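Here is how the chains run, residue by residue.
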Amino acid sequence: NHLSGIAGRHESFSIRLAATGVFPSPSRPRILWIGITDPSGMSQSIYRDIEKASVELGFRPEERAFYPHVTIGRIREPERSRALAKTHLNARIEPIEFEVGHLVLYESKLLPTGSVYSIVSTAEMPGPI
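Peer 1: Go over the pairing of strand S6 (residues 114-124) with me, naming the residues and quoting the values.
Peer 2: Summarising the sheet, strand S5 (residues 102-111) and S6 pair through 10 bridges and their orientation is antiparallel. Looking across to S6, one finds that Tyr106 is bridged to Ile119. The turn joining S5 and S6, which pair antiparallel and follow one another in sequence, is formed by two residues.

Structure, rendered in structure tokens:
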């Protein structure tokens, strides 16, 4: 499978959760997130490999810029959530560093009750050489 091939070409690496953010904007927030700092640039390299494999499988390339992040919340009524977005953006979090050693492909299904995520595939990355 493509995910295993991509994981096999990249060794595990460290990233850090650090800053808060929102998509698409603080005035109309839809997603609250915590950004990832990756000094190695490995997440960008993996993203490019996944994008290439996705296009080869018939998916259209992503037009938006890649911002590595962890989604922590989705907002249903962005016009009523500016204060929440402001509070989130002003929050200071203690940086948390951890090792990335697996790639996981999730399927997302949007239901009336919210998003449901299921693991489709997992692939282990080799340790540092």
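Now that the structure is up, let's keep going.
Peer 1: Describe in detail helix H2 (residues 42-56), supporting the description with residues and values.
Peer 2: Here H2 is 15 residues long and its end C-alpha atoms lie 21 Å apart, about the 21 Å a rise of 1.5 Å per residue gives. Listing the buried residues of H2 in full gives Met42, Ser43, Ser45, Ile46, Glu51 and Ala53. Here the buried face of H2 lies against helix H1 (2-8), strand S1 (13-23) and S5. Among the residues trailing H2, Gly58 stands out with phi positive, at a value near 105°.

Peer 1: Can you tell me about the pattern of salt bridges, naming the residues and giving the values?
Peer 2: The full count for this structure, using the stated rule, is five salt bridges. With a shortest N-O distance of 3.8 Å, Asp49 and Arg9 are connected by a salt bridge. One end of the pair, Asp49, is in helix H2; the other, Arg9, is in the loop between H1 and S1, and 40 residues separate them in sequence. With relative accessibility at 55%, the residue Arg9 sits in the exposed group. Note that Arg16 and Glu97 form a salt bridge whose closest N and O atoms lie 3.0 Å from each other. Of this pair, Arg16 sits in strand S1 while Glu97 sits in strand S4 (residues 96-100), placing them 81 residues apart in sequence.

Peer 1: If you had to explain the pairing of strand S2 (residues 31-37) to someone new, which residues and values would you point to?
Peer 2: Here S2 lies mainly inside the structure; six of its seven residues are buried. When S1 meets S2, the two strands line up antiparallel, connected through six bridges. By the bridge assignment, Phe23 is partnered in S2 with Ile31.

Cut-off values and rules
- Residues numbered from 1 in each chain as written.
- Predicted model: local features only at pLDDT ≥ 70, side-chain atom pairs only at ≥ 80, totals over all residues.
- Heavy atoms only, no water.
- Pairing = 2+ DSSP bridges.
- Helix = DSSP H or I, 4+ residues; strand = E, 2+ residues; numbered from the N terminus.
- Expected span 1.5 Å × (residues − 1).
- Buried < 20%, exposed > 50% of the residue type's maximum accessible area, 1.4 Å probe, protein only.
- Contact = heavy atoms within 4.5 Å.
- Salt bridge = Lys/Arg side-chain N within 4 Å of Asp/Glu carboxyl O.

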